[in-house]
Each structure stands twice: as structure tokens, then as C-alpha cells.
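What the coordinates show
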Amino acid sequence: MIRTPTRYHRPDSAAGVVEILAEHGADAAVLGGGTWLLPMMGRGERAHHHLVDLRGLGAESISRGEGTIELAATATYEDVLADAELCAAQPALAAMAAGVTGGRQLRNQATLVGSACHQTPSSEAPAMFAALHAEFRVVGPAGERWVDTDSFLLGALHTALAPEEFVAAARFPDTPRVGGYVKVKIAAGGWPVATAIATRPEAGGDTELVLGAVQEVPLRIGLGSALAEDGTVRAEEVEATVAAQVTEPWADLQGDAEYRRRIAGPVARRAVERLQGGAA
Amino acid sequence: MAPLNVEQAGPEADESVDLRRDGDVLLKGGGVYVDDVELPGTLHAAILRSPHPHAKIVSIDVAPALERPGVRCALSGAEALDLAAPLPHFFDPSIVGGKTAEFRVLAVDKVRWVGEPVAAVVAGSSADAEAALEAIEVVYEELPAAIEIDEALAEDAPVIFEEWGDNVLIDLPFAEGEADAELEKAPRTLTGEINLHRFQTAPMEPRGYLGHWQGHDRVTLYASTQNPHPLRTTLAGVLGLPETRVRVVAPRLGGGFGHKFNGYAEEPLVCILSKLSGAPVKWVETRADSLLIGAREYRHRFTIGFDDDGQVLAFRDRIWGNVGCLATWGGWSMTYPAGMTFPGPYRVKHYLVESMAVVTNKAPWNGARGYGKESACVALERMMDLIAAELGLDPAEVRRRNFIPAGEFPYWNSAKHLDSGNYEGALDQLLEMADYEEARERQREERADGKLVGVGLAFELTPEGGDFAGSYVRGFDTSTVRISPTGTATVLTGVTSPGTGNETSIAWLVARELGIDSAGVEVIQGDTDACPFGFGNFSSRSLSAGGGAAVLAARELRERIAKAAAVMLEREDPKDLIFAGGRIAGPDGDASIGFAEVCEEVFRRAYATPGIDEGRLEATHTDLPHNFQHIPDELGRMSAYPSFPYSAHLCVVEIDRELGLVDVRRYAYVDDCGTVISPRFVEGQVNGAIAMGLGGALWEQLPYDAAGQPLARHLKSYVTARAGDLPSFEAGRQVTPSPFTTLGTKGAGETGVGGAMASVTNAVNDALAPLGGHIHSLPLNGPNVLAAIAEAES
């Protein structure tokens, strides 16, 4: 159970959120779905005297701008799955959302932006944001700024957020991308030890490959000579290409570093095969 | 120990047993577990646990905790010395020649495992109590720790109990014949090893206690425990109270499995805290606390001697169990069945098994379903497969050639008088049911496609009903049946249920004896004020012993009621009356009388109407399997286990070659637990045991880091099997009744854990065989299997 006396805040404006964060710093925690934060507080692993619930902002979960799609901080996996157009345009995203461990109860509660802000290596959303070329709208006392994924996700449990800042939304180009998504867990109840996202613009272009849960932060794989002229990938070259680039594999109770290093290549290749049709 | 002359009491082929009573209550969340028990004014306890695996407690000051919000009292080990006597052992190692040690309710001078209780705080809420723990100041002087078996047995190992001189708790030999001499002579030998890791049973409901020290020095303890009566007895001693002033109530249990054997410090601790704070005090285990408790970690090194036909001539197995630290819990003793279960279902006359319990600074073991028998099963079944591989024989055939034949029961081997069985029949039934030939054919085809497909067999002999005279782990139990003037029956029994449904079966059995509807039979368990002294549930014996006793009591009452009915029906002979459908009738079928009507008459007219001579409809009986040998016979043989259910298992796996992940594609079994009272409950037990064994073999583990810290603290790091991980099991049944039990039952509940661990280990090794690979250390998870593949390919 939560053992710190905690004050719950539900401001109705971004400025209201910032004010509380600025006053209390690390003693305040931002609450999206709470699916990471609250269990950790219950186990005494984190302690905060202030919780700031973003749901009071009343943001629209998914909105469309000029050539972009914006996910509010409070957008859940279920919100994504409910947007048929989005799922059709980003099938890898849809696959990831549908397969999140924890089933419907978790999908209805947990938020993608929250997962990126928590940034544990074995999460799926961070790598997906990288694959989508997402940016995060960081709001703080000094105002707002947009931070791209690679600059936002800095390390295990470490993002570019200062204690008095929060992420209000994430946005990415509204460019339909065909995709292949593969996730590997040791057992159904565990967390991923490796994810691979292979995507290509539907209208044509180079395939991109991002690995999640293999290293501390999502790993963009430079496909180099494995890319064919038409932007597809020579699947048989993927493993070697990946092997050379996995230099600091993550280790945790789900799997050690050696295991992640070994499986990264095959998992990536399977994502490519899923994208391009083939063995998988 | 001759077979019984008593009419055995199992259901006829056309009888069906009830649905689980209270099933609807459970599904609607209406079950009352210990955490649901609410007493006015209840306070909550939190426990400060050692952060070190091995350290001296230099000083401890709990006073600062008293300043924290909501805190009512705080207690250290030194302060508790005057409040609680040393804790009795669940099964003291010294009873069987092992070393022992004294334990108090809270550590005083030393801590010997991460998690060992050091101090306690009571507050108005558990949040306040937990928060107050950080105010307690403890100064530790860290000592070197021994975490793994090799560290504990090394020359310069830190000695965990100084007075012992070493870290060997006990070394138990099980031998027959001349193993060494026969191994010398054997045409063929091979050596092997199997390393089983630490994991546990992870009951859905962790344990908890609510202690209430009332006026006039009366104590009531609500406990999530499997053994309320022994707990009451030991509690009285620890608290210094007459046992008449102590009451233990075991509410519904959400899983026992041995995890809830009594002997924990928190049992008397909440009572003492209640006395100190003047209110009921509740403590419930967190999942992190619960995951501290260990089991199942063994290392086997064996040598087998056999002939060209695959007949085992002799073997040796050296077993080490990392039992964690010694405690007063019922776990270290699993090293006994781990050795005693050999040679399992096989006819081997020369063997030497040595089972050593090694203490380390891991948290202690408590009982875990299988109780060491699963360990012996994995080793034996690996032996069979290794022989088969060596000789190019089918593994099923090797087993057939070694089974004790069906005609030779009852059968003696070391420390076991096997009751009955048809091992070959069970295996053959399994192979036919599962179409073994077709599975092998399919395997050949898939191997040709480069797939890593494995077929693994296992046969598990599961001794049950263990009786350890000198302890409170006994093989007998007692039930009272009490019938009311309105013809309803209440069964009060000393056995309890871990959630298996045995109360439903007991009610059904009694109703059947009396010819009434089981809705008219109430079963009361777990309250020491109401129930006769009994030993609770363990070793799969509750229905056998407690149900058997209830049947005997019901029969005595039926005789008495029959006498009264005969008087009322004006019949000569009460013995030919038929009890059915709530009525009592003559065999000719004409005159009958209501069962309730007769019961009422007994109370209204006893001693007044000639022939109705007893005004009491209550009977108490004790029952036990008549197959114990506590005193060595003329050949020096003893047997502490009376019943021997068994099961045959087949597991088909496919290994993802690139990821090392094992997919269990098929699982089939044939189970024989003697007479079956409720097929539904028995099947549930076997399925659960298999799921537990597969989960442990493939995914669950309780690792420690080099510094002695336990790493699996929640259910995302201790990953149990989920529905999507396992196939539907194909189930078959064989029935060889026990000649020695009232019901013909042998006990259900544990068989399957070992069979599953063994069959999947054999299947994975079978899958790796074409690569020349093997894996002899569990768990068989992705990383370990991939490493085995990589090693084979290098």
C-alpha cells in the first residue's frame, strides 16, 4: 500500500500542472494512467507527496494537425486501437497496442506517453515513438518546446524531463507506414526482452528498423548495404547488420545481456519478414 | 499392515459427485479469507526485515518509531525475549539426527537471511506501520555470507550456525543392496547430473494473521494456515498460556501447497503485539515477502549401472539441497522425500542415495507441493532417458523393462511399502491415448524439416500421507459427525482444505452413507474450538484420513439410527434396512420412514421407548491408512508413507532455434490416485500440479545476486504460467485402489509436479539431441536453452 501521505491534484490547465511541479519538484509525480507509478509507490520503491493527474486537462486523446497526428499525454492504448484510421495508417503501432501485456484492463488505463516518460528499457512504447519519428511537447516554467525521441529518451529510467516539466503530448508525421512488429517475451506474463519495428512509407521509400528492449534506449539500426535500391531490405543481411550495432545490450531478470545480443538479429529479421512477407 | 476388511467407500460407476459447494460464493467474491476478517479496532503490524544476508545486530532502537503518526507500539527481538518462548520447529531436524538451532520471534543477535524479521511496529493503518519502519535504527555488522551450495561447503565457508562447525544440516542415506559393488560389475555405466533451481508455489493468497489477545488472557488467532491445531498447541507454549485459552481459526485458504505450514514467527508475533497494544493486530504478507520463501533447489550427481537390455542394475545419486537458512518452518525436511522416493516405480535392488540438506544465507524453505518427490522424479526420469539414448532404445521400452510388475504388490523397497499399482498399464494407456507412435512419426518428419521437436516421457511415483512420529506431521486424523433432531448432519473434522474442495467431497461421502441429500450436511473445518484435534492438510491426505474418519463415524450413526428405525417400522433386523433418498426402508420396499423422523424420535423417546436405547447421535472416529511401519520389521524395513499414487506423462515441445523459447505443444497424462471420490476435483488437482511443474521448469525462478539479495520481488519478475503459455491437457485415468485405506483413495494433489518437470526436461533434451546438445540445469527458459544450442553448435 502507499505509505506516504499524498495530496492528489487535478489542475485544469497546463499552467496549473507546471505550478505544482515547480513548487514541489521531485516530490511531485505526474499521473497518466498510473500503471507504473502506483504499484511502485505501493511497494515503497517511489515516494511522492503530490500526485498531479493530467486527466483534468481534458485533452482530446488523438487529434490531427497539419500533416501530424498528436497523442495527448492521457491517450491510452485503447484510444489508439479505437481510431481505425490511425491503425490502418500505422499497423505496427496497432500491433503493439493490441499486444500490450496486461490485456484490456491495462490498455484502458495505461498511456503511451506515460510509458515513454517512465522509460524502462523493456517497455514497447519508447521504441514505437522512435519508429514513428515522434516529438514530445515538453511544458515547463520556461514555456514549451518540442523534443525529438532520440533527444528525449536518454537512458534507463532517464529522460530529458526536468522535475518541473511534463509532457503534454507526442506528435508524429501522419504518413502511412506499412509495418512489421515483433515482440519477444520469455513467458506470456513477463515483459519484452526484445522488440523490432520494421516500417516503410506506404508511398515508397527506405525501410527503417528500430529495436526496443535490446539496449537501454531504442536502437535505430543503420541498414546501409542491406537496403536494396527500391528501399526494401535484404532479409538475409539483417542479422549481421544488427549484430554489429548491438554494442550495449541491456540485462535484467527477463534476460541477460548475452541473450539480448544473440536474439536481436533474428528478431529484427522476423520484423522485416513480417513487413515484406516471407519466412517470419 | 494387512489390507482392510472394512467395506471401501468409493463412488459406484453410475454415481456422480457434487459440484463444488460455495462455488457461486467464491465467484462472486464472497469467500472469507483471513484478510476479510474484521474485528473492531483492528490495528496493523509491519515488520522490519534484515537487509543483509548475514550480519550481527550490534544495536537496535525502536523508540523513534513510536514518534511516527499512528504508531501504537514497537518491538525489538531483545524486548520480545520475555514475551515469547523459543519457537517450536514444524519438524525438528534433531528428531532424525540432524543439527538444530533455537529461534525466537524476532532476531536478537544475528540475522542470517535477507528478509529475516528484526522488529515490528503496530499502527492504525498498515501504511502508517510500514512508513514507521524507517525510523527504527539498527546497526549491523555485516558478516561474509554463503549463498550457493559450493560457497557453503567450501573449506573456508562462513559457518552460519557457529556451534555446528559447518553448514551441513543433515545427510540422509537411502540404500539397498550393494550399490558400489554392483556398479563395478555392471556391463555399462554412465554418469549424469541434473540441477534444479529455487522456485516456489506462489499461492494466490499470501499468508496473513490476525491476533486478538482478549481479557482473561485468552487469545484468538485467525490464520491463513494449513494446520490450525498444531498451531494452537505450539502457540500456547510460545505465549505461555494454557492451551485451553488459545483458539486458532483457519478461514478459507487461497492456496496452501506447504507455503502455509505453521512455524512462522509472525504467528505468535501478532498475538504478542495485540497484547501490547490492547487491540487485535493484523499482518498480511506482501508478495515481496511471500516470494522470499524458497524450495526445490537441488543438485544431483548420479552414476547408473545397466545392461545391454536397459535394465538398471545399480545406481548412486548424491543430492545436495540448498535449503536456505534453517528456520522452524516445514521446508528443510523435503530433503528426506527427495532421497526416500528412489528408486520410484522401478525394480532396482542395489542403490545408494545420499540427500544432504545444506544451509545457506538464502531465505529458508517452507513446504512446497511435491515436497522433494519431484526432485527424485526428475533425476530418475533423466536416468531412464539417458539409458535409452545410450542404447538406441525407445524411452518407453526402457521404463517398461524396469517397472515393478503389477503382480508384485504390495512391494517393499527402501523405506517404502508400496500399496498397489499397475505402472506398465498406466504407461501403455498413456501411449495409446496420446498416440505415441504418431507423435514420434510426426517428430521424424518435422526433424527432417530442421525443426527442434522433442517428445518427453516421465513416470512419477508420488508417496503420500507421510507420518513422522515424534512431530505433528502425522498420518491419522479425526472427524466427528453430529446429527440433529431435524435429520441434518454436521461434520467437524481435524483436516482442513487449502482450497481443493475436500469439504464438498466429505459432505458427499457422509450424505451417501446416511442416504440423505448432501445439502443437509454441513462441514466445519479449521476452528480449534469446534473441531477435534487434527493435523490439517498436507501430503494429500485430508480426504483420505479426514474423509475416511467421517465415513466411519457416519456408519456408526447409521447403525444406531437403523436400530431406532427398526423399532419404528416394527422390523426384526435393522441390518437389512436401506437408507436412500432421505428415507429408511425395508428391503421389500413397502414400509419406509423419513430419516429426519427417526432422528427426531431418538431425541424425543430415547430411554422411554423400548429399543431406542441411546439418546445421542454423535460419533467420533479416527482413520489412517493401515500401511505404516514405524518400528523396523525383522528385516529392518520401515515405511513412513502409506500411499503411493502415480502418474505417467507425455510432453511434446518445439524449440524456437533462434530464440531458445520452448513451446509446449502437447501435454498428456494418465493419473492413478486409487479410488476417486470426485473426478472433477482430482482432475483439477493434477492439472494444477502439472501447470505448477511446467511453470517452474520453464519460467519461474527465485535468483539471488552475489551479495545475497533476492531479486524476484513481484509477479513480473517471478513469472508464473498463464493460460496462453500451456496447451489443454489430455487426461486419462487408471484406478488401482489402495487396499489399506477406508476409501480406497491414495491421495491427490501433488502428483504432476515432478512428472511435468521431468517430462518437459526430457522433451527439451530430446529436441536438442540432433544437435548433440543437452541441458541439465533448469529453468529451461529462452536464455538457458539458447546457450545450450549455442554450445552444441560450437
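Residues numbered from 1 in each chain as written. Chains lettered and ligands numbered in written order. Predicted model: local features only at pLDDT ≥ 70, side-chain atom pairs only at ≥ 80, totals over all residues. Heavy atoms only, no water.

With that out of the way, let us pick up the pattern of salt bridges. Within the structure shown, the criterion is met by 79 salt bridges over all chains. With its nearest N and O atoms 3.0 Å apart, the salt bridge here joins Lys185(B) to Glu182(B). With Lys185(B) and Glu182(B) both in helix α5 (residues 179-185) and three residues apart, the pair spans about one turn of that helix. For the salt bridge of Glu205(B) with Lys260(B), the shortest nitrogen-to-oxygen distance reads 2.8 Å. With Glu205(B) in the loop between β8 (188-196) and β9 (208-214) and Lys260(B) in the loop between β11 (246-249) and α7 (266-277), this residue pair connects regions lying 55 residues apart in the sequence. As far as burial versus exposure is concerned, Glu205(B) and Lys260(B) are alike and both buried. Connected through shared salt-bridge partners, Glu239(A), Arg269(A), Arg270(A), Glu273(A), Asp656(B) and Glu658(B) make up one network. (Salt bridge = Lys/Arg side-chain N within 4 Å of Asp/Glu carboxyl O. Helix = DSSP H or I, 4+ residues; strand = E, 2+ residues; numbered from the N terminus. Buried < 20%, exposed > 50% of the residue type's maximum accessible area, 1.4 Å probe, protein only.)

A few words on helix α14 (residues 502-514) of chain B. Residue and element names in this part refer to chain B. Under the 1.5 Å per step criterion, the end-to-end length of α14 is 18 Å for 13 residues, consistent within 8% with the ideal 18 Å. Burial runs high along α14: twelve of the 13 residues are buried. Listing the buried residues of α14 in full gives Asn-502, Glu-503, Thr-504, Ser-505, Ile-506, Ala-507, Trp-508, Leu-509, Val-510, Ala-511, Glu-513 and Leu-514. (Expected span 1.5 Å × (residues − 1).)

This part covers empty space enclosed by the protein. According to the stated counting rule, one finds nine cavities of 30 Å³ or more in the structure shown. In this model, the largest cavity occupies a volume close to 130 Å³. The wall of the largest cavity is formed by Ile186(A), Ala187(A), Leu253(A), Gln254(A), Trp699(B), Gln701(B), Pro703(B), Lys716(B), Ser717(B), Val719(B) and Asn781(B). Partitioning the lining of the largest cavity into residue classes produces six nonpolar, four polar and one charged. In this structure, the second largest cavity spans a volume of roughly 70 Å³. For the lining of the second largest cavity, the elements supplying multiple residues, two or more each, are α6 (228-239) and α7 of chain B. It is α6(B) that provides the largest number of residues to the lining of the second largest cavity, a total of four residues. Here the residues of the lining of the second largest cavity sort into seven nonpolar, three polar and one charged. (1 Å grid on protein atoms, 1.4 Å probe; cavity = no way out; pocket = protein on both sides within 12 Å on 5 of 7 lines; lining within 4 Å. Points joined across faces, edges and corners; volume = space filled by probe spheres on them. Nonpolar A, V, L, I, M, F, W, Y, C, P; charged D, E, K, R; others polar.)

Next up on the list: the interface of chain A and chain B. Counting from both sides, the interface comprises 24 residues of chain A and, opposite them, 24 residues of chain B. Here chain A packs against chain B, burying approximately 2100 Å² in sum over the two surfaces, 64% of which is carbon and sulfur. Looking at the side of chain A facing chain B, the largest losses of area belong to Arg3(A), Leu253(A) and Tyr259(A), adding up to 26% of the total buried there. Our count for the contact surface shared by chain A and chain B stands at four salt bridges. (Contact = heavy atoms within 4.5 Å. Buried area = accessible area lost by both parts, 1.4 Å probe.)

Another point: the environment of Arg583(B). Residues and elements named next belong to chain B. The residue Arg-583 is located in strand β25 (residues 583-585) in this model. Each C-alpha atom of the pair Arg-583 and Ile-194 lies 60 Å from the other, and the pair is 389 residues apart in sequence. In contact with Arg-583, not counting residues within four places along its chain, are Gly-515, Ile-578, Ser-592, Ile-593, Gly-594 and Phe-595. Only 2.9 Å separates the side chain of Arg-583 from the side chain of Ser-592, close enough to count as a polar contact. (Polar contact = N/O pair within 3.5 Å; in protein donor to acceptor, adjacent residues only side chain to side chain.)

This part covers the sheet that holds strand β22 (residues 489-493) of chain B. All names here are of chain B. Taken in spatial order, the four strands make up an open sheet running β23-β22-β21-β27, and their pairing is mixed. Each of the sheet's edge strands pairs with one partner strand only, and the pair in question is β23 (521-525) and β27 (618-623). On average, each strand axis in the sheet is tilted by 20° relative to the strand beside it, whichever way the strands run. Bridge count between strand β21 (residues 477-483) and β22: five bridges; the pairing is antiparallel. Across the sheet, residue Ser-479 finds its bridge partner in β22, namely Thr-493. Helix α15 (residues 542-569) rests against β21, β22 and β27 of the sheet, and its axis sits at about 145° to β27. (Pairing = 2+ DSSP bridges. Axes fitted to C-alpha atoms, helices over the stretch in contact; angles between N-to-C directions.)

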